[in-house]
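Overview (structure and organization)
Chain by chain, the residues:
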Amino acid sequence: MSQIHPTAEIHSGAELGHDVVIGPYCVIGSKVRLGERCVLRNHVSIEGPCVIGPENEFFPFACIGQRTQDLKYDGEPTHLNIGERNCFREFVTVQRATAPGSVTTIGGFGNFLAYTHIAHDCTVGDHVIFSNNGTLAGHVEVGDYAIIGGLTAVHQFCRIGVHSITGGCSKIVQDVPPYMIADGNPAEVRSINKVGLERRGFSAEAIKHIRRCFRLIYRSDLNLKQALEELRELPSSPEMEAILAFAETSERGLIR
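Here goes a summary of the coordinates provided. (Residues numbered from 1 in each chain as written. Predicted model: local features only at pLDDT ≥ 70, side-chain atom pairs only at ≥ 80, totals over all residues. Heavy atoms only, no water.)

Glancing now at a nonpolar patch on the surface. On the surface, a nonpolar cluster with roughly 210 Å² of combined accessible area is contributed by Ile4, Ile10 and Leu16. Looking at the secondary structure, you find Ile4 in strand β1 (residues 3-4). The class for Ile4 is partly exposed, based on a relative accessible area of 44%. (Patch = residues over 30% accessible without salt bridge, like charges linked within 9 Å, V, L, I, M, F, W, Y side chains within 5 Å. Areas by Shrake-Rupley, 256 points an atom, 1.4 Å probe, with all protein chains shown as cover. Salt bridge = Lys/Arg side-chain N within 4 Å of Asp/Glu carboxyl O. Helix = DSSP H or I, 4+ residues; strand = E, 2+ residues; numbered from the N terminus. Buried < 20%, exposed > 50% of the residue type's maximum accessible area, 1.4 Å probe, protein only.)

It is worth spelling out the pairing of strand β12 (residues 79-82) at this point. Judged by which residues are buried, β12 turns out to be one-sided: Leu80 and Ile82 face inward and are buried, whereas His79 and Asn81, on the alternate face, are not. Taken together, the three bridges between strand β9 (residues 50-52) and β12 define a ladder with parallel strand orientation. Bridge pairing in β12 links Val51 to Asn81. (Pairing = 2+ DSSP bridges.)

All right, on to the packing of aromatic side chains then. Scanning the entire structure with this criterion turns up seven aromatic pairs. Between Phe88 and Phe112, the ring centres sit 4.9 Å apart and the planes meet at 5 degrees, which makes this aromatic pair stacked. Taken as a pair, Phe88 in strand β13 (residues 87-88) and Phe112 in strand β16 (residues 111-112) lie far apart in primary sequence, 24 residues in all. You'll find Phe88 and Phe112 in the same group, each marked buried. Aromatic ring contacts, followed pair by pair, group Phe58, Phe88, Phe112 and Phe130 into a single cluster. (Phe/Tyr/Trp six-rings, centres within 6.5 Å; stacked < 30°, edge-to-face > 60°.)

Before going further, it helps to spend a moment on the sheet that holds β12. Taken in spatial order, the eight strands line up as β3-β6-β9-β12-β15-β18-β21-β24 in an open sheet, and their pairing is parallel. Looking at strand neighbours, the two that pair on one side only are β3 (15-16) and β24 (159-160), the edges of this open sheet.

Turning our eyes to something else, we now look at the side chain of His117. As for its position among the elements, His117 is in strand β17 (residues 117-118). With residues near it in sequence (within four places) discarded, His117 still touches Gln69, Thr93, Gln95, Gly134, Thr135 and Leu136. (Contact = heavy atoms within 4.5 Å.)

Turning our attention to unusual backbone geometry. Note the cis peptide between Gly48 and Pro49, where omega equals 5 degrees. By the element assignment, Pro49 lies in the loop between β8 (45-46) and β9. Residues Asn185 and Pro186 are joined by a peptide bond in cis, for which omega reads -5 degrees. For Pro186, the location among the structural elements is in the loop between β27 (180-184) and β28 (187-192).

Another point: the sheet that holds strand β5 (residues 27-28). The nine strands are arranged β2-β5-β8-β11-β14-β17-β20-β23-β26 in an open sheet whose pairing can be described as parallel. Two strands in the sheet have a free side with no partner beyond their single neighbour: β2 (9-10) and β26 (171-172). In the sheet, strand β23 (residues 153-154) pairs with β26 via two bridges, with the strands oriented parallel. Each bridged residue has a counterpart across the sheet, and for Ala153 the counterpart in β26 is Lys171.

Here the focus is the pairing of strand β11 (residues 63-66). Here β8 pairs with β11 via two bridges, running parallel. Within β11, the residue paired with Ile46 across the bridge is Ile64. In this sheet, strand β14 (residues 93-95) lies alongside β11 in parallel orientation, the contact comprising three bridges. Counted as the bridge partner of Ile64 is Val94 from β14.

Here we come to the environment of Arg41. With respect to the element layout, Arg41 can be found in the loop between β7 (39-40) and β8. Residue Arg41 is classed as partly exposed on the basis of its relative accessible area of 40%. Put simply, Arg41 and Thr135 are 94 residues apart on the chain and 23 Å apart in space, counted from C-alpha to C-alpha. Leave out the neighbours within four places in its chain, and Arg41 touches Gly23, Pro24, Glu57, Phe58, Phe59 and Pro60. Here the side chain of Arg41 touches Glu57 through a polar contact of 2.4 Å, side chain to side chain. (Polar contact = N/O pair within 3.5 Å; in protein donor to acceptor, adjacent residues only side chain to side chain.)

Our next topic: helix α3 (residues 224-232). Restricting attention to buried positions, one finds in α3 the residues Ala227, Leu228 and Leu231. The buried residues of α3 occupy one face: seen down the axis, they fall within an arc of 95 degrees. Those residues of α3 that are buried lie in contact with α2 (204-218) and α4 (238-248). Measuring from the backbone nitrogen of Lys225 back to the side-chain oxygen at the start of α3 gives 3.2 Å, which picks out Asn223 as the cap. (Arc of directions from axis to C-beta.)

Rendered as structure tokens:
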């Protein structure tokens, strides 16, 4: 049975899944599809068009699916899609996309701590962690299992690779490759995310390949083009291929 507090305001055009919990003073707008067993603690605001998967939890004053802050936006129908079993803590803001028909996308199993901000047209993967005040500008991509440190600010159109981590108070203005630690203002790649990789079950051999990539790109006298060429000559691994593919498709360039 769903539990809906009498002070909650739910638009007639909203669709609620089974067994949801809607706490006091929550507001759910038109064209919101809320998945089964979602929990809105209190004072949560959700606007549409927005599709939210099952078993998401929203803490007080989370503001989800509001119109983009992009000044180019002129009221066109844009979207937000959220996967399953995420936790959005207090005052988290997630905004819809800008261009007509475009989508801001968040995967599943993420943990978004207080005051996280995800701007228009971002794509966020699965199993991510955003520490307090982790902030994405528009069109940012965040890979699976990435961790955004507290008070990190990510410039628009940057990419954060899978299994990477940013240090607290970092300023990210270029792409962070997979498996790396980026820290500083402006950020630099400091090392590989060894502890995180071990916790995720990466083998010693896989970590060795990642470390080899790091040393060639960040600790050799080679420029990036030369380092990538040398990497292509080495015995391949899935991790090395992921780093190569990421670097070769970078538009803003890699953090150095």
